[in-house]
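The lines below spell out each chain.
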Amino acid sequence: MAIARTTVHRDLLRVFVLTLVSLFAIPAATLAFTEYALRSQDADFLQSVEKRIAANTRMSAEDKAGTLEFYRGHPLSKACDATAPEDRDFHDKVCSPYAMQWQFHWADRAAIWTIGLGAALLAAALVLGALAFANRGLRYASFVAGWRLMTVSSAVEVVLQSAMLVWLSFWLTAFFWHSYYIKLIALAGIAAGAAVFYAIYTLFKKLPSGNEIEGELIAQADAPRLWERIRQLAGRVKTAPPDQIVAGIDTNFFVTEAPCEVRGQALHGRTLFVSIPLLRVLDQTEADAVLAHELAHLGGGDTRSSAALGPKLLQFDQYTWKMRGGGLTIVAHYLLRLYRMIFAFALARDSREREYKADRVAAGLTAPHAIVQSLIKISAYASYRNDVERQLFAQNREHDGALGIAGFVADGLPPYARSAAFIEAMKTADVPHPYDTHPPLLERMRNVGHHVAESGYGAIVATAPQASWADEIETARAIEGRLWSDYEQRFVQNHELSLAYRYEPATEEERAVVLRHFPPVGFALKNGNRIDVSYAGLHPSADGSSTIAWDEVKGLAYKDSSFGDTLVVTHHDKGMLGARTTKVKLAGLGKQKENFKAAAGHYWQRHQIMRAQQRQPPAAPDDASSD
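This one's a predicted model, so the numbers in the text were calculated from it and none came from an experiment. Every residue gets a number counted from 1 within its own chain, in the order that chain's sequence is written. Per-residue local features are limited, in this predicted model, to residues with pLDDT of at least 70; the limit for side-chain atom pairs, both in listing and counting, is 80 or more; totals at the level of whole chains, interfaces and linings are taken over all residues. Values reported for side chains reflect all heavy atoms of the structure, with hydrogen atoms and water molecules removed beforehand.

A. Region of the structure containing the overall build of the chain. What the chain contains, in helices and strands, is 19 helices and 13 strands. The cut-offs for exposure are 20% and 50% of the maximum accessible area for each residue type, with area from a 1.4 Å probe on protein chains only; residues under the lower value are buried, those over the upper are exposed, and the others partly exposed. Considering the chain as a whole, with its 627 residues, one finds that 44% of them fall into the buried category. For the chain, the exposed area adds up to about 31800 Å²; of that, 58% sits on carbon and sulfur atoms. Secondary structure elements are defined from DSSP: runs of H or I of at least 4 residues count as helices, runs of E of at least 2 residues count as strands, and each element is numbered from the N terminus. Per-residue and other accessible areas were derived by the Shrake-Rupley procedure at a 1.4 Å probe size, with only the shown protein chains allowed to occlude residues.

B. Layout of the pairing of strand S6 (residues 271–275). Summarising burial for S6: five of the five residues are buried, a large majority. Alternating positions in S6 separate into two faces, Thr271, Phe273 and Ser275 on one and Leu272 and Val274 on the other, with burial throughout. Strand pairing follows a simple DSSP-based rule, namely that at least 2 bridges must link the two strands. By the bridge criterion, five bridges tie strand S2 (residues 244–248) to S6 in an arrangement that is parallel. By the bridge assignment, Ile245 is partnered in S6 with Leu272. Here strand S3 (residues 254–256) pairs with S6 via three bridges, running antiparallel.

C. Looking closely at the pairing of S2. Counting buried residues along S2, five of its five residues qualify, which places the element largely inside the surrounding structure. Of the two faces of S2, both are covered, the one formed by Gln244, Val246 and Gly248 as well as the one formed by Ile245 and Ala247. As paired strands, strand S1 (residues 216–217) and S2 are joined by two bridges and run antiparallel to one another. Counted as the bridge partner of Glu216 is Ala247 from S2.

D. Broad picture of the packing of aromatic side chains. Aromatic contacts are taken between Phe, Tyr and Trp rings whose centres are within 6.5 Å, Trp giving its six-membered ring; a plane angle under 30 degrees counts as stacked, one over 60 as edge-to-face, and the others as tilted. Scanning all chains against the criterion turns up 19 aromatic pairs. An angle of 75° between the planes, with centres 5.0 Å apart, marks the rings of Phe104 and Trp167 as edge-to-face. Placement of Phe104 in helix H4 (residues 100–134) and of Trp167 in helix H5 (residues 136–177) is noted, with a sequence separation of 63 residues between them. The residues Phe104 and Trp167 share a single accessibility class, namely buried. Measuring from ring centre to ring centre gives 5.3 Å for Phe518 and Tyr603, while their planes differ by 85°; the resulting arrangement is edge-to-face. With a gap of 85 residues between them, Phe518 in the loop between helix H18 (508–517) and strand S7 (521–524) and Tyr603 in helix H19 (residues 593–615) connect regions that are remote in the sequence. Here Phe518 falls in the buried class, since its relative accessible area comes to 1%.

E. Layout of helix H15 (residues 441–448). Residues Leu441, Arg444, Met445 and Val448 constitute the buried set of H15. All buried residues of H15 fall inside an arc of 105° around its axis, so they share one side. The arc refers to the directions leading from the helix axis to the C-beta atoms.

F. Spatial organisation of the sheet that holds S6. Taken in spatial order, the four strands make up an open sheet running S1-S2-S6-S3, and their pairing is mixed. Edge positions in the sheet fall to S1 and S3, since each has one partner strand and no second.

G. Up close: the pattern of salt bridges. For this document, the term salt bridge refers to a Lys or Arg side-chain nitrogen within 4 Å of an Asp or Glu carboxyl oxygen. If you walk through the whole model with that rule in mind, you get 24 salt bridges. A salt bridge links Asp387 to Arg390; the shortest N-O distance between them is 2.2 Å. One end of the pair is Asp387 and the other is Arg390, both in helix H12 (residues 368–394) and three residues apart, which spans about a single turn. A cluster of three or more residues bridged by salt bridges with shared partners is formed by Glu216, Arg263, Arg482 and Asp486.

H. Geometry of the nonpolar core. Counting 67 residues, the largest nonpolar core has Ile218, Phe253, Val274, Leu279, Ile371, Ile376 and Tyr457 as the members making the most contacts within it. Top contributing element to this core by residue count: H12, with eleven residues. Judged by nonpolar contacts, the second largest core, of 29 residues, contains Phe316, Met323, Ala332 and Tyr334. By nonpolar core we mean a set of buried residues, namely Ala, Val, Leu, Ile, Met, Phe, Trp, Tyr and Cys, connected to one another through side-chain atoms within 4.5 Å.

I. Region of the structure containing the sheet that holds strand S8 (residues 530–533). Strand order in the open sheet made by the four strands is S7-S8-S9-S10, with antiparallel pairing throughout. Across the chains shown, the open sheet's two edge strands, defined by having one partner strand only, are S7 and strand S10 (548–549). Working rule for contacts: check all heavy atoms of both residues, and any pair within 4.5 Å makes them a contact. Helix axes are fitted to C-alpha atoms over the stretch in contact, other axes to C-alpha atoms as well, and angles between N-to-C directions run from 0 to 180 degrees. Across the sheet, H19 is in contact with S7 and S8; its angle to S8 comes to roughly 35°.

As structure tokens, then:
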């Protein structure tokens, strides 16, 4: 727990430092450069004026003194600020629009304003985050205000800093070396233009906010006793019962008032999700405690606030991470991320308080031991199922047919609960992360006043329920069959893709798996030549070139040229003048260029993952690894 908190505090500090860098690095560099340049120009200009006046034989001593006094009181850096009538001529001569002095003046001002904007945004993030901590009622309003302020202002930051970067790409070299580089300016301009477009486009783009639940609806006719029991519990909690019940195979229970979708059907109002596998391990009293806990969230207004806030959190998160992938838009990413982290701490603290309250309500309606035993069973089932699936996924061979995960977990859980490994697993099963919405098991026991020693966990988990609410759902087995079939099909597909990355391959069977996901890709070149990319390497046909195996490749660099593009392959071994390289001619690749670069990078990455996997020590054999 201490390690988790230390890690998060370190992450928060890291994001805070990166926020400072992203907000202030470019404007601070611009300000430092413009201030230095303006001071240098002031000194050079005054020195030049003094020389000209001293050399002027037609001016009287009095005129020379007056002129020198004027220019000493009117440095070049202040010309654009000189707006008095007597200074108009000086202003117009020195600070005409787009002239050098005009550019440096406004770049200096823009840098100061951008630093001020960054400081204001940082302060706003901290203040709005503090409001979320201080008052639950203000949380929604503070986040909506922060969401609008941060997203719009961060886009403004991208525009301002992108403009500064382009300006610096010209003036840094022009000022210090009296030269400029078209390629440097072009690169900065392209990066800046792309960042500005991406930031503004993403700001106004409607991001998806779907909330799909994997499960099936339970009609009242299919589980009349369960529906009646839920209505009774809702009445005792003093809240309206759910409008619909959705049953699934996930290892949790939850309620929501957010619009959601189940098997293509849109749902509105109050939705209760129940896990059929968990209902099978809970007796009816334990399940009642869990259901009462969830209904307490409905009665406390938790789901209503979550329904309002949830979609906005999702959209904010999507916008934040899109800002990380837009090049220069990274300047906006870390501010948004910092605000989200602060808000997440506030949400986590409030969520823990709500969990404690819901536990107390459930304990009062059923019994303290019922809610504690349900928590132990749910934690044990989720931990064991996760372990089983992890071991199945780690297997280095294809899975044939149905996996039977449900039956394997159900049959293996009681003996697992009696094993020495079980207590150790339970010690870490509920170790909280500061972002977790649920408190640890021991704290929840103290909250309801019922403690179970670790030595007693196994007996609770191994005890089969005499009656469960799953038995009262007529369609439960059919629903489980369909959902587990879909789930295991996806599991097998993902596992096979993982094997395609893991295999070298060493056998024909392994080769078939790799080829299904990484078939050879060919690209036609000039003069009938071609280059093929496969899991084994690059296969150019021009000039009698031999295959370049991926094991030989340390790096790839694509070089554009009007005389024909080239792929520069850097090898691991050394040549006469440093790292050995091979140049593969790609004349005639044309419009296939991007596809070729994507394929070469993708297949090379596969090979690196495969070699890294081979360097890992083999996993210890385990009973749960068999089908």
